[in-house]
Amino acid sequence: MSKRPTGRRPRFETPLTSARNLAARLLARPLLWFRPATRFVVGFLALTLTTTLLLSVTRSQAPADFYQEGDVVRSDVISPADFTVEDEEETARRRAVAAESAPPVWHFDPLRADASAQSFRASWEAFEVQVSRRSRAGTRNSDRNANSNANAEQADLVWPGVGDRRAVARVVVRHMSDPGLLERLTRMIRESGEGYIYDEGDAAQIKREIRLVNTLSGAATSIVTAQNRLVTLGGAREALRGRISQISGWSRDEQETLADAMMPLLAPSIVFDRAATEATREAAANSVPRAAVTLKRNQIVAREHDTVTPQMLAQFAAIRQYGRSERRPHLYVGLFLIAAALYAAAWRFVEYRSTTTTLPLSRGRAFTLVASAILVQLVLMRTGLLLAQSISSQAMAPPWNDPVIWSFAVPFAAAALLVAILVDTQLALITGVLTAVFAGLIAPNGMLMSCYALISSSAAIYGIGRYRERQSVTLAGLGVGIVNALVALAVMLAAQQPLTLNSALLAMGCGLLGGLLTTIFTAGGLPVNESAFGILTDVKLLELSNADLPVLGQLAIRAPGTNQHSHAVGRLSEEACRAIGANALLARIGALYHDIGKLAAPDMFVENQAGGTNPHDRLRPTQSARIITSHVTYGLKLAKEIGLPKQISDFIPQHHGTRTLHFFLRKAQAHAAEGETVDESEFRYPGPKPQFKEAAVMMLADSCEAAARSLARPDPENIRAIVSKIFDAILSDGQLDECDLTLREVTRIRETIIISLTALYHARIDYPGFNPPSLDPTKAPLPPADIDSEERGIGFRRPSEVPISKGGEVEDEALTTEGKR
């Protein structure tokens, strides 16, 4: 890459700005595939559909979504139509009751006691066989040591059942000679195990009524537990222990040893069947018919100040369910049509407003700004209302549980304040009206909240004044907060809500918070919308007047005469615009940038020449004209590069209009060969003519300031004469035909410029000893021609000598060096 030339102009566009502009062009490219009318229709439908979705999901048909039993109804609740809706809560409650009422299922074994007795008998008989075998083996031994052998044989006996088997064997051996003992013991087991015995782990499943299923026959029988003796397994075993303890002729230890062997034989005769019970309960729940809530159109479900009952809660839920399901398509269609009608009315109002006043942007962009502000406002309202309902639902005591009071903190005025600052108060008012209508559709206590939103928006619109400082938004938000606090009390009174000290303070606090949030969201949205829509606010204009900006700094260094001329024109334009009610600040800032194109060749313009030779003496008239007129095209290119707003860059071509460089044209015609035709278009500025008042004022001020500087004696008479001459020339040339200036305004502009120039070039005070006396006692002393530090290099003694073209423009550059003095 070759090295950049030293004399090349600096780059004013940062890499970040270049990337941002490229991204914006890429994003906008798909939209350029459609015609403007198609883009408008698609955007309008998308806007309406988005609004419909935001409105439809925000509020149900019932105004009392968060009532609880015992609350007081705040407004009448009326059925919207004839409908029957299932009461899901009541259905679930009834089915739960039915399931709970279904008797648990138990399996009953009627032979359980006999099985226990038979198990003991089998163990006894097996033990008898063991004892008999031992006895036969003992008889084959000699009689010697008979006693010791008998004890050894008893020690080898083992009880075939449960318990301490050797101890039980010793006890049974001692008493088995009793012929009726076995029958008594089996009878004890059978009698202790008879009836309904259940395990303690299933005690929780014993209900008032249980269902017994016979394991033998499969027959099912329901019994009432209060009328039948149900015994726990532990109780049955203790009963068996008690019977054993009554056996006579047995020691206490022998009875305990026998009980340990017999008690484990007892088992539950009824066993809980969990799977069968669950199936029974499910069948019972499914057999319950669904509960339904039936309402008629216009039926009053609840009146204001009524106490909420469970039946009311069910009806409220039915109305909500009806709104969510049965009528949802109707709701979407209705809200879509309403939103489309409201946006269409707003579009027509924007069209009308654009014809009656000059807006800072086109009507299409103005409508886009209004619609986008309303859409963002709707999102804010929806979010705020959901938060208000959530906060109130978490609280138990009034007034903290009232969603209406918390809704006062929603920043309803943010969109209206934003539009008022950026565009117009009338468009802001229609924005506030649409915001209020949407607020009434989604907020609780709809109509009163709509009035609250409208008053809040009105306070924001007419309380902002001129937006020349960032703190103007803060002051407007403070005013909105105060108005909100007062209107919140009025809403509570109109709604006949209890107005206690706590509720009043909370309502006023939420109103003040709404004003604070209005300030926050408006201040955050201003830079985004200023950049997106290219809107110039007073604050943005003041930022553009910063002398530290690169282009203004370069202008002051490389073209000091042009810079001083721009400031002087700015002062004249500002005063003239203020006299006719135009945007004075816009005119002053536009003047700072109207000649930035002269940075391309500052020495080619007379205000930057410090005397000496005129560079145009060495150029052909066509070359000179091309250089002078190119400061307009180069200025536009530079303005685009630095991202200058369109309202400012429009001053660059319009302050010259379509005027011709008359004296250069005459010079070219004079030097043309015989028969040669000079093309007049080469000596004409590209235009257009001034399209708005501020540009027209600058055209007049620019020419008048240049002419006044060319006067050697800028006294009031000469200034008035030269200004009147310039005004007449510009009017005669038709340069003001395309702007909306009236003749009365032109007259006011002329007088204001004359007064301002006279004050600018007023005569200096004589200081004795420093000012030499005049040689002509009849003439009052006048200021010298070099009154300013910047010398234009020429001073004309009479207004008639100033080279003013037919278009009212001073062309000092056309004069040769010899003709300047």
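Note that the coordinates shown come from a computational prediction; the quantities given were computed from them, not determined experimentally. (Residues numbered from 1 in each chain as written. Predicted model: local features only at pLDDT ≥ 70, side-chain atom pairs only at ≥ 80, totals over all residues. Heavy atoms only, no water.)

S.K.: So what exactly am I meant to see when it comes to the overall build of the protein chain here?
M.R.: Assigned secondary structure in the protein chain consists of 30 helices and 10 strands. The 821 residues of the protein chain split such that 46% are buried. The contacts in the protein chain between residues at least 6 apart in sequence include a share of 79% that link residues at least 24 apart. On the protein chain, roughly 41400 Å² of surface is accessible, and the fraction owed to carbon and sulfur atoms is 55%. (Helix = DSSP H or I, 4+ residues; strand = E, 2+ residues; numbered from the N terminus. Buried < 20%, exposed > 50% of the residue type's maximum accessible area, 1.4 Å probe, protein only. Contact = heavy atoms within 4.5 Å. Areas by Shrake-Rupley, 256 points an atom, 1.4 Å probe, with all protein chains shown as cover.)

S.K.: Looking at this structure, I do not really get the sheet that holds strand 3 (residues 105-108). What am I missing?
M.R.: Strands pair in a sheet through their backbones, by hydrogen bonds, and they do so in one of two ways: parallel or antiparallel. Read across the sheet, 4 strands follow the order 6-5-3-8 without closing on themselves; strand pairing throughout is mixed. On the outer flanks of this sheet lie strand 6 (220-224) and strand 8 (270-272), each paired with one strand and no other. Direction aside, the axes of adjacent strands within the sheet are offset by 35° on average. Sheet topology places strand 5 (residues 209-214) next to strand 6; 5 bridges connect them, and they run antiparallel. Paired with Val-213 across the two strands is Ala-220, which belongs to strand 6. (Pairing = 2+ DSSP bridges. Axes fitted to C-alpha atoms, helices over the stretch in contact; angles between N-to-C directions.)

S.K.: Looking at this structure, how should I read the side chain of Thr-519?
M.R.: Along the chain, Thr-519 falls in helix 19 (residues 501-533). Judged by relative accessible area, which is 10%, Thr-519 ranks as buried.

S.K.: Would you explain the environment of Val-301 in this entry?
M.R.: In this fold, Val-301 is placed in strand 10 (residues 300-302). Val-301 sits 11 residues away from Met-312 along the chain, and the two C-alpha atoms are 6.8 Å apart. For Val-301, the residues in contact, after removing those within four places along its chain, are Val-77, Ile-78, Ser-79, Leu-295, Met-312, Gln-315, Phe-316 and Ile-319.

S.K.: Where do I start with helix 24 (residues 621-641) in this structure?
M.R.: Since one α-helical turn is 3.6 residues long, residues separated by three or four positions face the same way. The first and last C-alpha atoms of helix 24 sit 30 Å apart over 21 residues, in line with the 30 Å expected at 1.5 Å per residue. The sharpest bend along helix 24 reaches about 35° and sits at Ser-630. Among the residues of helix 24, Pro-621, Ser-624, Ala-625, Ile-628, Thr-629, His-631, Val-632, Tyr-634, Gly-635, Leu-638, Ala-639 and Glu-641 are the ones counted as buried. Close packing links the buried residues of helix 24 with helix 21 (550-558), helix 25 (646-649), helix 26 (651-654) and helix 27 (662-671). Just downstream of helix 24, Gly-643 is the residue with a positive phi angle, here 70°. (Expected span 1.5 Å × (residues − 1). Bend = angle between axes of the 7 residues up to and from the residue.)

S.K.: What is the right way to read the side chain of Thr-257 from this model?
M.R.: Structurally, the position occupied by Thr-257 is in helix 9 (residues 252-262). In this view, Thr-257 contacts Ala-167, Val-168 and Val-171; residues no more than four positions away in its chain are not counted.

S.K.: Hey, could you run me through the packing of helix 15 (residues 414-422) against helix 19 in this one?
M.R.: Each pair of packed helices can be described by the angle between their axes along with the distance between the axes. Put simply, helix 15 and helix 19 touch, their axes get as near as 9 Å, and they point 45° apart. Judged on the interaxial angle alone, helix 19 and helix 15 are oblique. Of the two possible hands of crossing, helix 15 and helix 19 adopt the one that is right-handed. On helix 19, the residues that touch Ala-414, Leu-417, Leu-418, Ile-421 and Leu-422 of helix 15 are Thr-518, Phe-521, Thr-522, Gly-525, Leu-526, Asn-529 and Glu-530. The residue makeup of the contact of helix 15 with helix 19, split by class, is 7 nonpolar, 4 polar and 1 charged. (Parallel < 35°, antiparallel > 145°, perpendicular 65-115°, else oblique. Left-handed = near helix turned anticlockwise from the far one by under 90°. Nonpolar A, V, L, I, M, F, W, Y, C, P; charged D, E, K, R; others polar.)

S.K.: Can you walk me through the nonpolar core in this structure?
M.R.: Core analysis: the largest hydrophobic core is formed by 73 residues, its most contacted members being Tyr-593, Ile-648, Val-723, Ile-749, Ile-753 and Leu-757. Looking at this core element by element, the count peaks at 11 residues for helix 28 (residues 693-710). Beyond its immediate chain neighbours, meaning those up to four positions away, Ile-753 contacts Leu-572, Ala-576, Leu-700, Ala-701, Cys-704, Val-723 and Phe-727. Formed by 71 residues, the second largest nonpolar core is a distinct cluster that contains Leu-335, Ile-374, Val-423 and Leu-434. (Core = buried A, V, L, I, M, F, W, Y, C linked by side-chain atoms within 4.5 Å.)

S.K.: What is the right way to look at the pairing of strand 2 (residues 83-86) in this model?
M.R.: A regular strand places its side chains on the two faces of the sheet in alternate fashion. Across the two faces of strand 2 the burial differs, with Phe-83 and Val-85 buried and Thr-84 and Glu-86 not buried at all. Where strand 2 meets strand 9 (residues 292-295), 4 bridges bridge the pair, whose relative direction is antiparallel. What sits directly across from Glu-86, in strand 9, is Ala-292.

S.K.: It is not clear to me how unusual backbone geometry should be interpreted in this structure. Could you clarify?
M.R.: Trans peptide bonds make up the majority, and among non-glycine residues the majority have a negative phi. Cis geometry is adopted by the peptide bond preceding Pro-688, which originates at Gly-687 and carries an omega value of 10°. Mapped onto the secondary structure, Pro-688 falls in the loop between helix 27 and helix 28.

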